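# Coordinate analysis (summary)
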Amino acid sequence: SAIFEITGVTKIYQTGEVEVRALNGVELKLQRGEMAVLLGPSGSGKSTLLNIIGGLDRPTSGSVKFKGEELAAASDRELTLYRRNHVGFVFQFYNLIPSLTAWENVALITEVATSPMSPADALALVGLENRMHHFPAQLSGGEQQRVAIARAIAKRPEVLLCDEPTGALDSATGIIVLEALARVNAETGATTAIITHNAGIRKIAHRVYSFLDGRIASCVVNEVRIQPS
Ligand code: ADP
Ligand code: ADP
């Protein structure tokens, strides 16, 4: 069943006299539990849509339904609660606290969540059971990003949104991070959407949505998805 139903979404950014139509009538249904990848040239609207799905931004017009609830009409307070209770975010930069270990960085989030997994379980899900007591500076870029993924999923969000999680990594390391996301998706069932330019994603995602000029130009269902080990 669809967890998100997005219809006719348009986003116009106004900077002074200049109007930018970042999204232009987007239609998208994300199925509960799927791992979707958003592809497309720079400026085609991927981040704008991810931010709207995550309640970080609002559409100019159109409808964004999360489990039947209209996010486009939610108050600021409701959007904050939606983000806090339902959405995990991963960005290009890891934003780990350098003076805290991997375990402590995750624990910071689990302390304030309603029914979190343990930091150790979250770190094990991304293959870092042997790095829990390392500080960020003692970890590689890929390992730091996996800590950030553990932090994002430890509160058991229903939705995991990743904006260029491999953007600062070489392609081989990027694939390891994407495989960690696939494992998280398979094990937790969190509906996952990822923006990445790493070609390895085509073997990992359930569906590939290609953006062009503020619209989804095509959607490919992956028939040869490699199951995460
Ligand atoms: P079907 O109705 O034939 O399953 P889908 O479009 O739902 O077609 O999915 C096609 C393939 O993509 C499936 O074989 C499955 O491996 C994968 N897939 C899509 N969505 C999911 C999902 N939510 N969970 C697991 N696998 C999925
Ligand atoms: P992508 O993620 O595909 O690179 P974006 O969603 O970031 O695309 O951007 C889509 C368009 O919207 C671009 O033309 C971009 O410059 C513009 N845009 C994005 N965010 C803003 C903003 N906060 N203010 C003004 N224009 C923006």
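All of these numbers come straight from a predicted model, not from anything done at the bench. (Residues numbered from 1 in each chain as written. Chains lettered and ligands numbered in written order. Predicted model: local features only at pLDDT ≥ 70, side-chain atom pairs only at ≥ 80, totals over all residues. Heavy atoms only, no water.)

For the rest of this paragraph, the subject is the site of ligand 2. The local shell around ligand 2 consists of Tyr13, Val20, Ala22, Pro41, Ser42, Gly43, Ser44, Gly45, Lys46, Ser47 and Thr48. At 3.1 Å, a backbone N or O of Ser44 approaches an oxygen atom of ligand 2. One nitrogen or oxygen atom from the side chain of Lys46 is found 2.8 Å from an oxygen atom belonging to ligand 2. Here ligand 2 loses 62% of its free accessible area of 560 Å² to cover by the protein chains. Elements supplying a minimum of two residues to the shell around ligand 2: strand S2 (18-31) and helix H1 (46-53). Broken down by element, the shell around ligand 2 gets its largest block of residues, three residues, from H1. Tallied by class, residues from the shell around ligand 2 come to four nonpolar, six polar and one charged. (Near = heavy atom within 4 Å. Polar contact = N/O pair within 3.5 Å; in protein donor to acceptor, adjacent residues only side chain to side chain. Areas by Shrake-Rupley, 256 points an atom, 1.4 Å probe, with all protein chains shown as cover. Helix = DSSP H or I, 4+ residues; strand = E, 2+ residues; numbered from the N terminus. Nonpolar A, V, L, I, M, F, W, Y, C, P; charged D, E, K, R; others polar.)

What follows is about the sheet that holds strand S8 (residues 191-195). One open sheet holds the six strands; their spatial order is S6-S7-S8-S3-S9-S10, and the pairing between them is mixed. Each end of this open sheet is capped by a strand with a single partner; those strands are strand S6 (87-90) and strand S10 (215-221). Adjacent strand axes in the sheet meet at a mean angle of 20°, parallel and antiparallel pairs treated alike. Pairing analysis gives four bridges linking strand S3 (residues 35-39) to S8, with the strands arranged parallel. Residue pairing in the sheet places Met35 in a bridge with Thr192 of S8. Strands in contact with H1 are S3, strand S7 (159-163), S8 and strand S9 (207-212); relative to S7, the strand with the most contacts, it is inclined by about 155°. (Pairing = 2+ DSSP bridges. Axes fitted to C-alpha atoms, helices over the stretch in contact; angles between N-to-C directions. Contact = heavy atoms within 4.5 Å.)

Inspection of the region around ligand 1 gives Arg32, Gly33, Glu34, His206, Arg207, Val221 and Asn222 as its neighbouring residues. Within the contact set of ligand 1, a nitrogen atom lies 3.5 Å away from a backbone nitrogen or oxygen of Glu34. Within the side chain of His206, an N or O atom sits 3.0 Å from a nitrogen atom of ligand 1. When ligand 1 sits alone it has 530 Å² of accessible area, and the protein chains cover 44% of it. Residue composition of the shell around ligand 1, grouped by class: one nonpolar, three polar and three charged.

Turning to the pattern of salt bridges, a few remarks are in order. Under the defined criterion, the tally for this structure stands at six salt bridges. Notably, a salt bridge pairs Glu34 with Arg207, separated by 3.0 Å at the nearest N-O pair. With a gap of 173 residues between them, Glu34 in the loop between S2 and S3 and Arg207 in strand S9 connect regions that are remote in the sequence. Using a relative accessible area of 3% as the deciding quantity, one classes Glu34 as buried. A residue is classified by how much of its surface remains accessible, and Arg207, at 23% relative accessible area, is partly exposed. For Asp76, the salt bridge identified is with Arg58, shortest N-O distance 2.6 Å. Of the two residues, Asp76 sits in helix H2 (residues 76-86) while Arg58 sits in the loop between H1 and strand S4 (61-66), which places them 18 residues apart along the sequence. Residue class for Asp76 comes out exposed when judged on its relative accessible area of 56%. The partly exposed category is assigned to Arg58, whose relative accessible area is 25%. Among the ionic contacts, a cluster of salt bridges with common partners joins Arg32, Lys67 and Glu158. (Salt bridge = Lys/Arg side-chain N within 4 Å of Asp/Glu carboxyl O. Buried < 20%, exposed > 50% of the residue type's maximum accessible area, 1.4 Å probe, protein only.)

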